[in-house]
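Summary of the model geometry
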Amino acid sequence: MDFGEISIQFALISSLISTFSFAYGSFKKDLRLLKIGEKALHFTTILLLSSLTILIYYFLSDNFSFSYVYFNSDIHLPIYYKISAVWASKEGSLLLWAFCTSFLASIFVNVEKMDLNLAKSLIIVCSFIFSLISIVLFTSNPFTRLAYTHPNGLGLNPLLRTPEMIFHPPAIFLGYAAVTFPFATALVSKDFKRNWILLSWFFLTIGIFLGAWWAYKTLGWGGFWAWDPVENASLLPWITLTAALHIKRGKESYFLIVLSFLLVILATFITRSGIIKSVHAFSQSLQGGVYLIIILVFFAASIYAYFKDRDDEKIKEIKMSTTLSVFLLLMIFFLSAVFAGTMSSIFTSVNRFYYYTTALPVFGLIAALIGICFAKNFKIPIVLASISSLAVFFLVGIIGALATFIFSFSTSILMLEFLKKLNRKVSINFGDLSKLLIHLGIVFLFVGSTFVWMYEVKHENVKINRLDAVEIEGLKISYEGALMKQDDEKYTLIAFIKLNNKTVVLKQYVYKIYRSDRVVNSVDTINYLTHDVYIALKGFSEDFNAVTVDLYIIPLIFFVWVGFYLLMIGGYFALVR
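Since the model is a prediction, treat every value here as computed from it, not as a measurement.

When their charged atoms lie close together, side chains carrying opposite charge are able to pair. Counted according to the given criterion, the structure contains eleven salt bridges. One salt bridge in this structure joins Arg-161 and Asp-74, with 3.3 Å as the shortest N-O distance. Of the two residues, Arg-161 sits in the loop between helix H6 (116–139) and helix H7 (164–178) while Asp-74 sits in the loop between helix H3 (67–72) and helix H4 (79–84), which places them 87 residues apart along the sequence. Residue Arg-161 is classed as buried on the basis of its relative accessible area, which comes to 8%. On the basis of relative accessibility, which here comes to 2%, the residue Asp-74 falls in the buried class.

Below, the structure is given as structure tokens:
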């Protein structure tokens, strides 16, 4: 038996000891047992870190006697991708999730005030860690050996050989892990641990951004968000966490936190069960039923906790302002639209038009509500918004005009109110900056997304002969020639394309691995403030005298990236305020 697997086995026992110690120690009010539970939790973290480190070592040392290493690495894979390959598939990513949860739990027990309620909440946390480790050990063991050692592995999926995919899974799983703690404390003491909600929201925002950037730069379809079920799976808890951050207490906050945690488990079910077809999903697995059981168990626990303490002042219905009530209603509509579209994929294919007619209008109302909430005077913002939207109306039509009106209205209000504070010499703290940046980020993301989704122009399978030129959308496109390079890992075919006076370089990578997906085509962009010219390689002719490309004109995609950056910077300021 391998040391990595032994570490997981001991981690399972240690997590069970910590769960029992916190449970019995809380019941008996025995400080000695609570200390044992705390030490067992730290030991669980050390054991999971050891197991993860051993797995990384096996990847770095090309130990292809292990099934997981064989199917996800090869001898020529660069070191940084060998490390990222550790969490590239379901076995390693689940181990990473278990470690992230245990690691944050070790921090949680040290930074929060240790009292009886915290100890009770750690029963829930440790039982969840125990569940994750059990799934790793019994259904997704990354240390399963092959009958014999192969001289080389099948290699990492070429689409995952990007910088974004090094950091995307850890960010997502840190976000998933962090939501465990407000969930546990909500069930026990109705203390919603706002900082932990914010930490989860922050990491999910980073993870979603990296996924969107990867899709745009790698997949070659000219978009950043395809409303794929697995993409939506990480968006769903982000929506509920965003709503929860606007409410400090009350039954609404309780149910939003519970729903966020359950949606995290549902996201994992969607990704790993195989029940929903997705380019991002793992293959069909028995894990799906296990995650459904976990959802049912924790859902039952949350219902029991609510009715048990429903007279608690912290979960009684609170009086909300009209704008906050409208905001929550809109978030529920937005969540419902995305959830319905995601789950309906079990039975039928849902195209993007569904989301454009359901989720997008609600997104627009949320962006408009931001301006309404902060406005002291509507006159100037409405004038500015009317002028800008009228100009856009004559250029692209009504949808673009409405999106521009909302963007101009809310942005001008946010900036005017911020400038007024500066003019009054009111001290500006990190909290003020975070509110400004996050709300600006939502508005930028809305207008950018609307224009990308509604006004993208695409020309597919454009064939260009060498030293010839075609003209599309006012662009003169010519194929200047190609060359080939090779290294230990791959062959690289390089095509030089000239768009007007600018040269873009497109590459086709043919990896020296025995995989059906070993050929990957690259994309390149020419970036402007108002749009991107996006060109994706499709292939070469047999004699390399012609090349086939897809060409996209993508309006306001820059606003999408600005929106994401504002959200992440604002989230950071909110954490350190």
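Now, onward.
Here we come to the packing of aromatic side chains. Within this structure, the stated rule accounts for 57 aromatic pairs. Centroid distance Phe-66 to Phe-143: 6.3 Å. Interplanar angle 85 degrees. Geometry classified as edge-to-face. Placement of Phe-66 in the loop between helix H2 (31–60) and H3 and of Phe-143 in the loop between H6 and H7 is noted, with a sequence separation of 77 residues between them. Both residues of the pair, Phe-66 and Phe-143, belong to the buried class. Summarising the aromatic geometry, the rings of Phe-430 and Phe-573 are spaced 4.9 Å apart at their centres and angled 10 degrees between planes, so their arrangement reads as stacked. Placement of the pair is Phe-430 in helix H17 (residues 430–455) and Phe-573 in helix H18 (residues 557–576), with a sequence separation of 143 residues.

One finds Trp-97, Trp-201, Phe-224, Trp-227, Trp-238 and Trp-561 to be the most contacted residues of the largest nonpolar core, which totals 171 residues. Top element by residues in this core is helix H9 (residues 194–218). It accounts for 15 residues. Every residue in contact with Trp-97, bar those within four places of it in the chain, is listed here: Phe-128, Leu-132, Phe-173, Tyr-176, Ala-177, Val-264, Ile-265, Thr-268 and Tyr-291. Membership of the second largest hydrophobic core comes to 21 residues, among which are Leu-493, Ile-497, Ile-526 and Leu-551.

Strand pairing in a sheet is mediated by backbone hydrogen bonds. Such pairs are either parallel or antiparallel. Ordered by their spatial adjacency, four strands build an open sheet running S1-S9-S8-S7, and the pairing between neighbours is antiparallel. Among the strands making up the open sheet, the edge pair consists of strand S1 (457–465) and strand S7 (523–527). Direction aside, neighbouring strands of the sheet carry axes that sit 20 degrees apart on average. Note: S1 against strand S9 (residues 546–555), seven bridges, orientation antiparallel. Paired with Ile-464 across the two strands is Val-547, which belongs to S9.

The next subject is the side chain of Asn-232. Its location among the elements puts Asn-232 in helix H10 (residues 229–244). From its side chain, Asn-232 meets the backbone oxygen of Trp-227 in a polar contact 3.4 Å long. Filtering out sequence-adjacent residues up to four positions away, Asn-232 remains in contact with Trp-225, Trp-227, Val-338, Thr-342 and Tyr-355.

It is at 12 Å that the axes of H2 and H6 come closest, and there the two elements cross at 30 degrees. One finds that H2 runs roughly parallel with respect to H6. For H2 against H6, the interelement crossing comes out left-handed. Where H2 abuts H6, its residues Leu-34, Leu-41, Thr-44 and Leu-48 lie against Ala-119, Leu-122, Cys-126, Ile-129 and Ile-133. The residue makeup of the contact of H2 with H6, split by class, is eight nonpolar, one polar and no charged.

All right, on to the domain arrangement of the protein chain then. Its domain assignment divides the protein chain into domain 1 (1–145 + 154–161), domain 2 (198–285 + 300–357), domain 3 (358–456 + 558–576) and domain 4 (458–556). Put simply, the middle of domain 1 and the middle of domain 3, counted by C-alpha atoms, are 41 Å apart.

With that out of the way, let us pick up H2. Each α-helix winds once per 3.6 residues, and so residues spaced three or four apart point in a common direction. A rise of 1.5 Å per residue sets the reference length of H2, with its 30 residues, at 44 Å; its end C-alpha atoms lie 43 Å apart and thus fit the reference within 8%. Within two residues after H2, Asp-62 carries a phi angle of roughly 55 degrees, on the positive side.

This paragraph deals with a positive patch on the surface. Together, Arg-194, Lys-248, Lys-435 and Arg-577 give the surface a local cluster of positive charge. Note on placement: Arg-577 falls in the segment after H18.

So, on to the sheet that holds strand S3 (residues 475–486). Reading across from one edge, S2-S3-S4-S5-S6 is the order of the five strands in this open sheet, with antiparallel pairing throughout. The open sheet has two edge strands with one neighbour each: strand S2 (469–472) and strand S6 (519–521). Mean inter-strand twist for the sheet, computed between neighbouring axes without regard to direction, equals 25 degrees. When strand S5 (residues 502–511) meets S6, the two strands line up antiparallel, connected through three bridges. Looking at S6, one finds that Tyr-509 is bridged to Val-520.

Definitions and cut-offs
Residues numbered from 1 in each chain as written. Predicted model: local features only at pLDDT ≥ 70, side-chain atom pairs only at ≥ 80, totals over all residues. Heavy atoms only, no water. Salt bridge = Lys/Arg side-chain N within 4 Å of Asp/Glu carboxyl O. Helix = DSSP H or I, 4+ residues; strand = E, 2+ residues; numbered from the N terminus. Buried < 20%, exposed > 50% of the residue type's maximum accessible area, 1.4 Å probe, protein only. Phe/Tyr/Trp six-rings, centres within 6.5 Å; stacked < 30°, edge-to-face > 60°. Core = buried A, V, L, I, M, F, W, Y, C linked by side-chain atoms within 4.5 Å. Contact = heavy atoms within 4.5 Å. Pairing = 2+ DSSP bridges. Axes fitted to C-alpha atoms, helices over the stretch in contact; angles between N-to-C directions. Polar contact = N/O pair within 3.5 Å; in protein donor to acceptor, adjacent residues only side chain to side chain. Parallel < 35°, antiparallel > 145°, perpendicular 65-115°, else oblique. Left-handed = near helix turned anticlockwise from the far one by under 90°. Nonpolar A, V, L, I, M, F, W, Y, C, P; charged D, E, K, R; others polar. Domains from an automatic or database assignment. Expected span 1.5 Å × (residues − 1). Patch = residues over 30% accessible without salt bridge, like charges linked within 9 Å, V, L, I, M, F, W, Y side chains within 5 Å. Areas by Shrake-Rupley, 256 points an atom, 1.4 Å probe, with all protein chains shown as cover. Lys, Arg positive; Asp, Glu negative; His and termini not counted. Charge placed at Lys NZ, Arg CZ, Asp CG, Glu CD.

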